[in-house]
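Per-entry structural report
Spelled out, the chains give:
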Amino acid sequence: MAYPFKEIEEKWQKAWQENKLFEVKADPSRRKYYVLEMFPYPSGKIHMGHVRNYTIGDVAARFKIMQGFNVVHPMGFDAFGQPAENAAIKNKTKPDIWTHKCIEWMEIELKRMGFSYDWDREVSTCDSDYYKWNQWIFLKMFEKGLAYKKGSQVNWCPSCETTLANEEVVEGGCWRCHTKVEQKDLEQWFLKITQYKERLLDDLKQLKDWPSRVVAMQENWIGKSQGVEIYFKLKDGDKVIPVFTTRPDTIFGATYVVLAPEHPLVKEFIKGKPQEKDVLRFIDKVAMESKAVRSSDDVKKEGIFSGAYCINPVNNETIPIWVADYVLMEYGTGAIMAVPTHDQRDFLFAKEHGLPMRVVIDNPDKKGLKPEDLNEAYEGDGSQVNSGQFDGLPNQEAKLKIAQWMEKEKTGKIQTHWRLRDWLISRQRYWGTPIPIIYCKKCGIVPVPYEDLPVELPAEAPFTGEGGSPLGKVKEFVEAACPKCKAPARRETDTMATFFDSSWYFLRFCSPKCEDAPFDKKEAAYWMPVDQYIGGIEHAILHLLYSRFFTKFFQDLGEVPFTEPFRRLLTQGMVLKDGEVMSKSRGNIVDPDSIIKEYGADTMRLFILFAAPPETELEWDDRGIDGAFKFLNRVWRIQDNLKDKADPALVRVTHKAIKKITEDIESFKFNTAIASMMELTNAIYQLGADREVLGSLIIMLAPIAPHFCEELWQKLGNKASISKASWPKFDPALIVDETVTIIVQVNGKVRSRLDVPSDISEAKLKELVLSDEKLAPWTQGKPPRNIIIVPKKLVNIVV
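Overview of the structure. Quick caveat: nothing in here was measured; it's all calculated off a predicted structure.

1. A word on the pairing of strand β32 (residues 794–798)
Note: strand β29 (residues 739–746) against β32, 4 bridges, orientation parallel. Its bridge partner lying in β32, Gln745 is registered against Asn796. In this structure, strand β31 (residues 786–790) lies alongside β32, joined through 5 bridges in antiparallel fashion. Paired with Ile789 across the two strands is Val795, which belongs to β32. Between the antiparallel neighbours β31 and β32 lie 3 residues, among them Lys792 with a positive phi of about 65 degrees.

Next up, the structure:
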């Protein structure tokens, strides 16, 4: 008969809640441990990605509690954002009503999973007692010159009269009404994250417990590069096109220049040329493309000749200027020099458009390289050729010499460039934090006084998703008195990007009820940094970068004594079914509710941890769920056949298992930890367990299947929760094998095996080996020239 999981899980969830088992307070006398999973957008239902993420975090939290740490494990909701607006329009309701209803549903589902959250710390970013502090942070940044307003291009739907994110532009049209999307200049708010670029880059060295892949992604996004800004003068006129390159060694091979369609010079130098109309049409076409598509290596690059020419400054050659979609204004100077023989993207573009090529770095393995011999660009090292006075130099050496020569000739300048750009936070939406700024005709841009925070969203707004920001249509919201001169003024109607909300929520969790500051400094100093952060790789760049930026800003304000928010990071893999990511459109969703009803939450937790290591993708398998359920039932039945005292052999097996499982859980190797628990269970069935052995197994299984283990723990006569139990420790004397098998070789070939005491001395081992009769045919009584011993593994006799 299967164990009664429904009854057990409901019983213990109620007990944990009533006893406030996981509520914690700062205690300087105890070691703290802060476990945090990236908080969710409240979509209303949890999916298998949530289950995996939060189960991983819950195991870490429960494990650390049982090791004696003071563990904080909070949960909240990243509740602002456009999806709630869209859902509200679709369901003919208001975003706040829809969002809070979804939060209620998700709370119920998360509690059914048995997660050890301190629900007393719950925050929702759409509540004014949270976003008040978003506004406080914005004002502090405004005071420090870090928040500023400037013109920026956005995707604009003229029919809906609203901005669109890149992903909302579908085949050049608005996702909602399919009207052709335009590029529009809007004055928008930015945060000067670039002021922190050096620290954001340098401090990555501190993050020893982050995946190297994530650190590399952050480095690439910040994008510090040393190179030369080269000046290409227009053939007709005095204008100069600055081009930044990290490859000055290839400048003699630059046979054309390419500008971004948005480059301010393009419209200027095409004016009156035969190509003008075609180029303008091309610019409009590219304006409909997302920047992600334009910069993707998988998409064919398109371009057009501008009709203009410039001069290559190192050889005075006249070369054509092209405009192409793969060059973006955000990177470098918005212009590149194209060297098709030594850059693959330039090579493909030149082949497509019949543009000239010149080899300037010879391949040492294929001397005398010619453009017509190339099937792809040669991007390796070699000697300079066709490079004037630099011919014959190794190209790595030539890089610096050419750069210094160009600087001396004033045709270029050695520079450091950064890929990182300031952060655009303006959104022309309703469901977000209002930006606390007032515009006065007399006083200009005026910050809302701190004592007037929060600037609250109006409860009523014309909410259709069309016609620009709904806030702009609420007279009571827009009309305000200037804080300085008291004259009639107007409020900012933009709201903040939701990344703002999630860039400091981990600090609010330290003291969520703090009323006079974003967080209590003492509480933050105790709990922070987060010891273990868990979330998807899709947040490896922006969310983590912005959180690091905010932390450094708070450090500069004197609010926190640390510089990095997350000490250790784990990025979990996605959950797949039939080889594809689960999604409604594919029809391959597995609903957690259905699994809980049929098998219980503990079975689902066990399966999702056993099926694959956390960092890798997990393929859903119904057979695996059934296997996990059978394993729990096997453990359940052990209580019916307990011995008074366990077999000494089983005690040894148990202590070895404790060591292995502890190490595996510590390093997030949950699948191998569970495999060791299964092996220990097999040994119990063979040898029979006593209460102590079963107790050790239950404690180690408890972080993974907590309801199940609480019930078994109680059945063993324990009154306190299993979470209050101490994690078992192994006895070093009991994990040492009594005997080991030694491989015996003669001249490197295996000739015998000996079982010997594990603590045997080298002298005694030599004596036993030399007296082994099996070796006689190969030693032939000759004295050994050498005896090589690898302790506890092998002995090699050299004769």
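Structure shown, so let's carry the discussion forward.
2. Some remarks on the pattern of salt bridges
Summed over the entire model, instances satisfying the criterion amount to 34 salt bridges. Close ionic contact of Lys224 with Glu198 constitutes a salt bridge, the shortest N to O distance being 3.7 Å. One end of the pair, Lys224, is in strand β8 (residues 224–234); the other, Glu198, is in helix α6 (residues 197–202), with 26 residues separating them in the sequence. Given a relative accessible area of 37%, Lys224 falls into the partly exposed group. Asp249 serves as the salt-bridge partner of Arg247, at 2.9 Å between the closest nitrogen and oxygen. The buried category is assigned to Asp249, whose relative accessible area is 0%. Within the structure, one salt-bridge network assembled from shared partners comprises Lys45, Glu109, Arg112 and Asp593.

3. A look at the environment of Phe349
Here Phe349 lies in helix α11 (residues 344–353). Each C-alpha atom, one on Phe349 and one on Ala338, is 9.3 Å from the other, the two residues being 11 residues apart in sequence.

4. Details of the nonpolar core
Counting 173 residues, the largest nonpolar core has Tyr34, Met48, Phe138, Leu507, Phe550, Leu701 and Phe708 as its most contacted members. Ranked by the residues each element gives to this core, the list is headed by helix α2 (residues 48–66), at 9 residues. Once residues within four sequence positions are removed from consideration, Phe708 is found in contact with Tyr3, Ile8, Asp602, Leu632, Val635, Trp636 and Leu701. Counting residues in each nonpolar core, the second largest holds 56 residues, with Val258, Ala260, Trp322 and Val339 among its members.

5. Examining the packing of aromatic side chains
Inspection of the entire model under this criterion finds 47 aromatic pairs. Considering the side-chain rings of Tyr148 and Phe190, the 5.8 Å spacing of their centres and the 20 degrees angle between planes classify their relative orientation as stacked. Of this pair, Tyr148 sits in strand β3 (residues 147–157) while Phe190 sits in strand β7 (residues 182–191), placing them 42 residues apart in sequence. Given the relative accessible area of 21%, Tyr148 is considered partly exposed. Ring pairs connect the aromatic residues Tyr196, Trp423, Phe499, Phe500, Tyr546, Phe549 and Phe550, which therefore count as one cluster. Taking the ring centre of Phe69 as reference, the NZ or CZ of Arg31 above it sits at 4.0 Å. Stacked on the ring of Trp119, the Lys or Arg Lys111 has its end atom at 5.0 Å from the ring centre.

6. Observations regarding the packing of helix α20 (residues 622–637) against helix α22 (residues 670–687)
Contact geometry of α20 with α22 gives a least axis separation of 11 Å together with a crossing angle of 40 degrees. Taken as axis vectors, α20 and α22 run oblique relative to one another. Where α20 crosses over α22, the two elements pack in a sense that is left-handed. Of the residues in α22, those touching α20 at Phe631, Arg634, Val635 and Arg637 are Met677, Met678, Thr681, Asn682 and Tyr685. Here the contact of α20 with α22 is composed, by residue class, of 5 nonpolar, 2 polar and 2 charged.

7. Notes on α20
The end-to-end C-alpha distance of α20 is 23 Å, a good match for the 22 Å that 16 residues give at a rise of 1.5 Å each. Along its buried surface, α20 packs onto α1 (5–18), α18 (592–599), α19 (601–610), α22, α23 (691–701) and α24 (706–715). For α20, the capping residue at the N-terminal end is Asp621, with a side-chain oxygen 2.9 Å from the backbone nitrogen of Arg623.

Conventions and cut-offs
- Residues numbered from 1 in each chain as written.
- Predicted model: local features only at pLDDT ≥ 70, side-chain atom pairs only at ≥ 80, totals over all residues.
- Heavy atoms only, no water.
- Pairing = 2+ DSSP bridges.
- Helix = DSSP H or I, 4+ residues; strand = E, 2+ residues; numbered from the N terminus.
- Salt bridge = Lys/Arg side-chain N within 4 Å of Asp/Glu carboxyl O.
- Buried < 20%, exposed > 50% of the residue type's maximum accessible area, 1.4 Å probe, protein only.
- Core = buried A, V, L, I, M, F, W, Y, C linked by side-chain atoms within 4.5 Å.
- Contact = heavy atoms within 4.5 Å.
- Phe/Tyr/Trp six-rings, centres within 6.5 Å; stacked < 30°, edge-to-face > 60°.
- Lys NZ or Arg CZ within 6 Å of the ring centre and 35° of its normal.
- Axes fitted to C-alpha atoms, helices over the stretch in contact; angles between N-to-C directions.
- Parallel < 35°, antiparallel > 145°, perpendicular 65-115°, else oblique.
- Left-handed = near helix turned anticlockwise from the far one by under 90°.
- Nonpolar A, V, L, I, M, F, W, Y, C, P; charged D, E, K, R; others polar.
- Expected span 1.5 Å × (residues − 1).
- Polar contact = N/O pair within 3.5 Å; in protein donor to acceptor, adjacent residues only side chain to side chain.

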